[in-house]
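One-letter residues, chain by chain:
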Amino acid sequence: MLTRRQLILGGAGFTAGAGLMTLGGRRLFPAPAAAAEAGSARNVAVHLVAAERQTALPCFAGHSLPLWTYSEAAWPPTIRIDRGDRLDVVLDNRLPRDGEHTSIHWHGVRVPNDQDGVPYLVQPPVAPGESFRYSFAPPDTGTFFFHSHCNSSEQLGRGLVGILIVDGDAVEPYAADQTLVLHDWLMDTDAGTFRGFKTKRGADRAGTYGNIRSANGVSDAEIRLPASSDCRVRLINVDPTRIMEVAVVGADAAIIAVDGNPLPPVPLDGWLLGPAMRLDLALRAPKEGGEAALVDRRQDEPVRLARFVGVGSSAPAKSFDPRPLRAGRIPEPDLAAAERLSFTFGRADSGGAPIAVSDVASGLPIGPICTASDHFWTINGRSWPDSGHAVIPPPLATLQRGRSYVFELQNTTDFLHPVHIHGHTFKVLRADRRSQPIHYADTVLVTPEETVEIAFVADNPGRWMMHCHVIEHQETGMMGYLQVG
Ligand code: C2O
Ligand code: CU
């Protein structure tokens, strides 16, 4: 049983949990066991200092770049707690530029609204020199991350992200628990500097892609795993732009959780992983000395993101039959009684109506780093932010607290949009152009001309963002919010 109860604030490359122990011959559970009850809860204090730090990630090939990070720890910092623990975070903003305010959004965590980290909407922006305190007990286990929520193309582009892992979902420990944080860097490789973090052309199309691909800050990372054993690999796409199709070549792998939400294991045969999306895999490590690879096969030539190398004497091989995780705790939507709402993710040039000043829900002016001079994208025909109207617009929809909803997310554009909703985890019922298992998620890809149906219980009161997580799309209009309760 896992008795590890201390916070780990370390690099994502850290291999935690059961270490390199293998469990030979243990019987597997055929289906998710009941959700675990929280053990004795602790208060876990974490101090995050957003600042510029010159960092020589291995993927920078000898150069040191001005990353914006939360901690001196290896990039990116990882907070690891047990379900039931309360997280007490002090954020200090020491970013080096006047007016560069920040905040922390706990992506995918069903926090109370005032902990959700969206400046102006739920909290004041945290200006340079200021601090803010977050305190909440994550209700769900799983793989999460956190990031700021304004000027995110630059703040994320410079690496201002952290990982949050909430333990308590493993029925039995895996032989290893490895996090792979996927991020592309926009780098001028000759000069050893960052290039711009967004472009007008990119914002108007699929986004501005980074040219240096990395996992945990390493290009073609070598990940050593206990040979022939079943390991947990947590893929986290923290890139502001990149949509990849992840696959494992040379080893058996199964999806055991999507966005931290367990599902009965399904063989991994390519999965579209957009910005902010996470995928937990059970992976049969290669034999001693053997190698397997994590690849992005959405490219013409598959790109190898990491190599898995088997180390140590091999356990006797039995067939791959991954252990499911414990079931999650997401409230089940009542589909028969659900209200249906549809949302169109579209382009602004075909009638992206600016939000009328008389419509504003609050007079709070929005600071300049949260507004954009271009708007290319819309939700239900509306763009936000819109430069001339730097105020909080009315909600996209008002939801009744406790009621079930089915949302039809319709993409009328030629580009993919990873659609994220704050404060709620939804069930992905169907996508009309792809087949995928029913699963829970907080971010779902809607491919060109596709309609995706999701359902959830609107049980968390407050103002919750709904937006595309291709950050340049978000920043040029494809965002809005839902009012619950
Ligand atoms: Cu990870 Cu509103 O975003
Ligand atoms: Cu988008």
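Quick note: structure is the one above.
Residues numbered from 1 in each chain as written. Chains lettered and ligands numbered in written order. Predicted model: local features only at pLDDT ≥ 70, side-chain atom pairs only at ≥ 80, totals over all residues. Heavy atoms only, no water.

Caption draft 1: A look at the sheet that holds strand E14 (residues 221-226). Spatial strand order, E14-E22-E21-E16-E19: five strands in an open sheet with mixed pairing. Where the open sheet ends on each side, the last strands, each with one partner, are E14 and strand E19 (271-273). Strand-to-strand twist in this sheet, taken as the mean axis angle between neighbours without regard to direction, amounts to 30 degrees. With four bridges joining them, strand E16 (residues 244-249) and strand E21 (residues 291-296) adopt antiparallel strand pairing. (Pairing = 2+ DSSP bridges. Helix = DSSP H or I, 4+ residues; strand = E, 2+ residues; numbered from the N terminus. Axes fitted to C-alpha atoms, helices over the stretch in contact; angles between N-to-C directions.)

Caption draft 2: Seen up close, the coordination of the copper ion (ligand 2). For the copper ion (ligand 2), the full set of protein donor atoms is His-417 (ND1), Cys-468 (SG) and His-473 (ND1), and the range of their distances to it is 2.0 to 2.1 Å. When the donors of the copper ion (ligand 2) are listed by position in the chain, the intervening gaps give H-x50-C-x4-H. Of the two residues examined, Cys-468 and His-473, each falls in the buried class. (Donors = N, O, S within 2.8 Å, 3.2 Å for Na, K, Ca; no water. Buried < 20%, exposed > 50% of the residue type's maximum accessible area, 1.4 Å probe, protein only.)

Caption draft 3: Quick peek at the packing of aromatic side chains. The full count for this structure, using the stated rule, is 15 aromatic pairs. Aromatic pair Phe-343 and Phe-407: ring centres 4.5 Å apart, planes at 45 degrees, arrangement tilted. Of the two residues, Phe-343 is situated in strand E23 (residues 339-347) and Phe-407 in strand E26 (residues 404-411); the sequence distance between them amounts to 64 residues. The same class applies to Phe-343 as to Phe-407, namely buried. Seen from their ring centres, Tyr-405 and Phe-407 are 6.5 Å apart, and the 75 degrees between their planes marks the pair as edge-to-face. Exposure remark for Phe-407: the relative accessible area of 0% places this residue in the buried category. (Phe/Tyr/Trp six-rings, centres within 6.5 Å; stacked < 30°, edge-to-face > 60°.)

Caption draft 4: Structural context of the sheet that holds strand E27 (residues 417-421). In spatial order, the strands read E25-E33-E32-E27-E30; together these five strands make up an open sheet with mixed pairing. Since the sheet does not close on itself, it has two edges, and those belong to strand E25 (397-399) and strand E30 (443-446), each with one partner. The sheet shows a mean angle of 25 degrees between the axes of neighbouring strands, taken without regard to direction. Pairing between E27 and E30: four bridges, direction antiparallel. Within E30, the position partnered with Val-419 by the bridge is Val-444.

Worth remembering: the numbers are spatial, not functional.
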